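# Breakdown of the fold
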Amino acid sequence: MAERITGHTELIGLMAYPIRHSSSPAMHNEAFAYLGLDYAYLAFEVDNSTLEDAVKGLRALKLVGSNVSMPNKTVVHKYLDELSPAAELSGAVNTIVNDNGKLIGHITDGIGYMQSLKDYDIDVIGKKMTIAGAGGAATAIQIQAALDGVKEMSIFNVKDKFWDTALETVEKINTKTSCKAALYDLADLDVLRREIEDSYLFANATGVGMKPLEGKAVIPDKSFLRPDLIVTDTVYAPAETELLRMAKEVGCKNMNGFGMMLFQGAAAFKLWTGKEMPIEHMKEVLGIRYE
C-alpha cells in the first residue's frame, strides 16, 4: 500500500458503525492495485450523530466518493444533492459519487444481491421469496428483486422504526412492479413458518447474526427450514451465521453475504472509476466464498 500512495492518490471512504470488521477496504484496495489505479479506500467509524459532518468533510476534501453502511443508509440522503432513480425508490443510499462537488447517492445492494444469486446458480425469477428485514439493504434487495421478476414476496420485520418503510416498500412493489408483496410481523412465528414453507428462497437481510447479535437468528429453530429451501444471509462476518448453521444441518443450499458484498462493491467500483472490478481475481485473492 505504501508504495502506491502518492501526492496524486485519490481517496474513497466507507462510513458506518461498527465497521472495523469490513472486508471492503481489502477488496477495493486490491482491485485498485491489480488495475494500477491511483486510489485508496479507507473505513471511517461514522454513525448518525457524526454523519452530516462526515459528508461535509467528503465534499471539502474532494473525496472521489464513499460507501455508506448501517446505520447511515436511510439517513445520508438528507445531506446529498441528488439521488439515482434506484436510490430514490429504495429510500436508501450505499454509494456516494462526488461529481465535481455535486454529491450523488446510489444504491447497489440490490444489484449485488441479485447478481450473487446468479453467480451461485440460484434462479429466484418467477418464484416466491420470503425475506426478513426492512432497513436500507433489505429494501434495496426487495425493490431490485421485484424489478428483476420475482413473482411473490413475503416481507417480515419487527414493528420498529422501519415498519412504516416496509409498508411503503410493499406499496411500491405492488403498484410499480408485477411482483405481489405482503408485510408481516416477524414476531408472528406461525405466519413466518407458513410463508417459508411455500417459498423457493428465504433471506435474512437484517443485522441478526452479526455483532452484537452474533449467535442469534431470525427463526427460532431449524424446523422452519426444509432441505429443498434455499437460504441466504446478507451477513458475511461471521461467514457462518446461526441461520446458515441451521440451514447446513437441514441440507439447504445456502449463501452468506460475501457474494452480495463483492458484487455491490463491483457496481460502486465502476461508478467511481469507470472500470470493471476484476471479479475472478478478487474471489481468488480474498478467498471470497458463499458458504
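In what follows, the structure referred to is the one given above.
What comes next is a walk through the structure. (Residues numbered from 1 in each chain as written. Predicted model: local features only at pLDDT ≥ 70, side-chain atom pairs only at ≥ 80, totals over all residues. Heavy atoms only, no water.)

Further remarks concern the overall build of the protein chain. Across its full length, the protein chain holds ten helices and twelve strands. For the protein chain, whose C-alpha radius of gyration is 19 Å, the value lies close to the compact-globule estimate of 19 Å for 291 residues. Taking the principal axes of the C-alpha coordinates as reference, the protein chain spans close to 60 × 35 × 35 Å. When the 291 residues of the protein chain are sorted by exposure, 53% land in the buried category. Considering only contacts in the protein chain between residues 6 or more positions apart, those separated by 24 or more positions represent 70%. By element, 52% of the accessible surface of the protein chain is carried by carbon and sulfur atoms, the whole surface being about 12,900 Å². Side-chain charges of the protein chain comprise 30 positive and 39 negative groups, with the mean position of each set lying 1 Å from the other. (Helix = DSSP H or I, 4+ residues; strand = E, 2+ residues; numbered from the N terminus. Rg over C-alpha atoms; globule rule 2.2 N^0.38 Å. Buried < 20%, exposed > 50% of the residue type's maximum accessible area, 1.4 Å probe, protein only. Contact = heavy atoms within 4.5 Å. Areas by Shrake-Rupley, 256 points an atom, 1.4 Å probe, with all protein chains shown as cover. Lys, Arg positive; Asp, Glu negative; His and termini not counted. Charge placed at Lys NZ, Arg CZ, Asp CG, Glu CD.)

On to the sheet that holds strand E8 (residues 152-157), then. Each strand in a sheet pairs with its neighbour through backbone hydrogen bonds, running either in the same direction (parallel) or in the opposite one (antiparallel). Pairing is parallel across the open sheet formed by six strands, whose spatial order is E9-E8-E7-E10-E11-E12. Strands at the two margins of the open sheet, each flanked by one partner only, are strand E9 (180-185) and strand E12 (254-255). Sheet topology note: the strand E10 (residues 201-204)/strand E11 (residues 230-233) ladder contains four bridges and is parallel. Paired with Phe202 across the two strands is Val231, which belongs to E11. Here helix H6 (residues 163-176) sits on the sheet and contacts E8 and E9; the angle it forms with E9, its principal contact strand, is near 165 degrees. (Pairing = 2+ DSSP bridges. Axes fitted to C-alpha atoms, helices over the stretch in contact; angles between N-to-C directions.)

Within the open sheet, the six strands sit side by side as E2-E1-E3-E5-E6-E4. Their pairing is mixed. Two strands bound the open sheet, and with one partner strand each, they are strand E2 (39-45) and strand E4 (82-83). Relative to E2, strand E1 (residues 10-16) runs parallel, the two being bridged by seven bridges. Bridging across to E2, Leu11 finds its partner in Ala40. Strand contacts of helix H1 (residues 24-35): E1, E2 and strand E3 (65-68), with the helix running at about 170 degrees to E2, the strand carrying the most contacts.

Here we take up unusual backbone geometry. A cis amide bond, omega -5 degrees, links Tyr17 with the succeeding residue Pro18. By the element assignment, Pro18 lies in the loop between E1 and H1. Here Lys211 and Pro212 are connected by a cis peptide whose omega angle stands at 5 degrees. In this fold, Pro212 is placed in the loop between E10 and E11. The phi dihedral of Asp121 is positive, around 60 degrees, even though this residue is not glycine. Following the sequence through the fold, Asp121 ends up in the loop between helix H4 (109-119) and strand E7 (128-132).

The next subject is the pairing of E11. Burial of E11 is two-sided: the residues Ile230 and Thr232 facing one way and the residues Val231 and Asp233 facing the other way are all buried. Two strands pair when backbone bridges link them, and E11 and E12 are joined in this way by two bridges, in the parallel orientation. Bridge pairing links Val231 to Asn254 in E12.

Looking now at the side chain of Lys128. Structurally, Lys128 is set in strand E7. Within the structure, Lys128 has its side chain in polar contact with the side chain of Glu195 (distance 2.7 Å). Setting aside anything within four residues of it in sequence, one finds Lys128 in contact with Glu152, Ser154, Glu195, Asp198, Ser199, Tyr200 and Leu201. (Polar contact = N/O pair within 3.5 Å; in protein donor to acceptor, adjacent residues only side chain to side chain.)

Its 16 residues place the ends of helix H9 (residues 258-273) 22 Å apart at the C-alpha level, agreeing with the 22 Å of an ideal helix rising 1.5 Å per residue. Here H9 lies mainly inside the structure; 13 of its 16 residues are buried. Positioned one or two residues after H9, Gly274 has a phi angle of 80 degrees, which is positive. (Expected span 1.5 Å × (residues − 1).)

With that out of the way, let us pick up the packing of H1 against helix H10 (residues 279-286). Close contact between H1 and H10 brings their axes to 10 Å; oriented N to C, the two are set at 125 degrees. Here H1 is positioned oblique relative to H10, judged by the angle of their axes. Regarding H1 and H10, the two cross each other, and that crossing is right-handed. Contacts between H1 and H10 involve Ala26, Met27, Glu30, Ala31 and Tyr34 from the former and His281, Met282, Val285 and Leu286 from the latter. Considered class by class, the residues forming the contact of H1 with H10 number seven nonpolar, one polar and one charged. (Parallel < 35°, antiparallel > 145°, perpendicular 65-115°, else oblique. Left-handed = near helix turned anticlockwise from the far one by under 90°. Nonpolar A, V, L, I, M, F, W, Y, C, P; charged D, E, K, R; others polar.)

Moving on: helix H5 (residues 136-148). If you check H5, its first and last C-alpha atoms are 18 Å apart, about what 13 residues at 1.5 Å a residue would give, namely 18 Å. H5 sits mainly inside the fold: eleven of its 13 residues count as buried. Along H5, the residues classified as buried are Gly136, Ala137, Ala138, Thr139, Ala140, Ile141, Gln142, Ile143, Gln144, Ala145 and Ala146. Residues of H5 that are buried sit in contact with helix H3 (85-90), H4, E7, E8, H6 and H9. Directly after H5, the chain includes Gly149, whose backbone phi takes a positive value near 120 degrees.

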